[in-house]
Amino acid sequence: MTDEANAARPVALQLVSLTLAFDDARFFGATIFTDAVDPDGPWATVLIDHAAEEPWFRLTTTDPTGSDASEAAMAETDRLMRFILTEHPERIGRTRPTPPAS
């Protein structure tokens, strides 16, 4: 038997917006998600900001209640940002890390 109240809420990505800041080294943006079960309900928005240390970004939810949809949106945004920084860092003004010399 599963506890549905503790199960992660499915969310659907609606928008990703990332912008390079004035010096081409910092970035900021947002992701917007809807609840997959209730797409007409309130949207979960996560703000993305550049950070000077790993993982190189900070996430902030705009939902002060920390609803299930917001928690799922935070997790999905974290996953998305890690993918971008690993696979396509040049899209947000970063360079690919060079592998250490053997």
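One structure accompanies this document, and this report is about it. (Residues numbered from 1 in each chain as written. Predicted model: local features only at pLDDT ≥ 70, side-chain atom pairs only at ≥ 80, totals over all residues. Heavy atoms only, no water.)

**Notes on the pairing of strand 4 (residues 57-61)**
To keep it simple, the criterion reads: Strand pairing is defined by DSSP finding a minimum of two bridges between the two strands. Counting from the N terminus, the helices are DSSP H or I runs at least four residues long and the strands are E runs at least two residues long.
Two elements, strand 3 (residues 44-50) and strand 4, share five bridges in a ladder whose sense is antiparallel. Pairing of Asp-49 across the sheet is with Arg-58, part of strand 4. Taking the residues between adjacent antiparallel strands as the criterion, strand 3 and strand 4 are bridged by six residues, where Trp-56 takes a positive phi near 80°.

**What to know about helix 1 (residues 68-87)**
Stated formally: Helix span, expected: 1.5 Å multiplied by one less than the number of residues in the helix. Burial status follows relative accessibility: with a 1.4 Å probe on protein chains alone, a residue under 20% of its type maximum counts as buried, one over 50% as exposed, and anything between as partly exposed.
If you check helix 1, its first and last C-alpha atoms are 29 Å apart, about what 20 residues at 1.5 Å a residue would give, namely 28 Å. Considered for burial, the residues of helix 1 that qualify are Ala-69, Ser-70, Ala-72, Ala-73, Thr-77, Met-81, Ile-84 and Leu-85.

**Overview of the environment of Ser-17**
Our working rule: Contacts are assigned to residue pairs that have any heavy atoms within 4.5 Å of one another.
Its location among the elements puts Ser-17 in strand 1 (residues 11-20). A residue is classified by how much of its surface remains accessible, and Ser-17, at 32% relative accessible area, is partly exposed. In contact with Ser-17, not counting residues within four places along its chain, are Phe-28, Gly-29 and Ala-30.

**Observations regarding the nonpolar core**
How we decide: By nonpolar core is meant a set of buried Ala, Val, Leu, Ile, Met, Phe, Trp, Tyr and Cys residues that side-chain atoms within 4.5 Å join together.
Formed by Phe-27, Phe-33, Ala-44, Val-46, Ile-48, Phe-57, Leu-59, Ala-73, Met-81, Ile-84, Leu-85 and Ile-92, the largest nonpolar core amounts to twelve residues. At the level of elements, strand 2 (27-35), strand 3, strand 4 and helix 1 are the ones that each hand at least two residues to this core.

**Brief notes about unusual backbone geometry**
A cis geometry characterises the amide bond from Glu-54 onward to Pro-55, with omega recorded as 10°. The topology assignment puts Pro-55 in the loop between strand 3 and strand 4.

**Looking at the pattern of salt bridges**
Quick reminder of the rule: For salt bridges, the criterion is a side-chain nitrogen of Lys or Arg within 4 Å of an Asp or Glu carboxyl oxygen.
Across all of its chains, the model carries three salt bridges by this definition. Note that Asp-78 is salt-bridged to Arg-82, the shortest N-O span being 2.9 Å. A residue pair is termed a helical-turn pair when its members lie 3 or 4 positions apart in one helix, as Asp-78 and Arg-82 do in helix 1 at four residues. Under the relative-accessibility criterion, Asp-78 is labelled partly exposed at 25%. Overall, the relative accessible area of 42% leaves Arg-82 in the partly exposed class.

In short, geometric facts, not functional conclusions.
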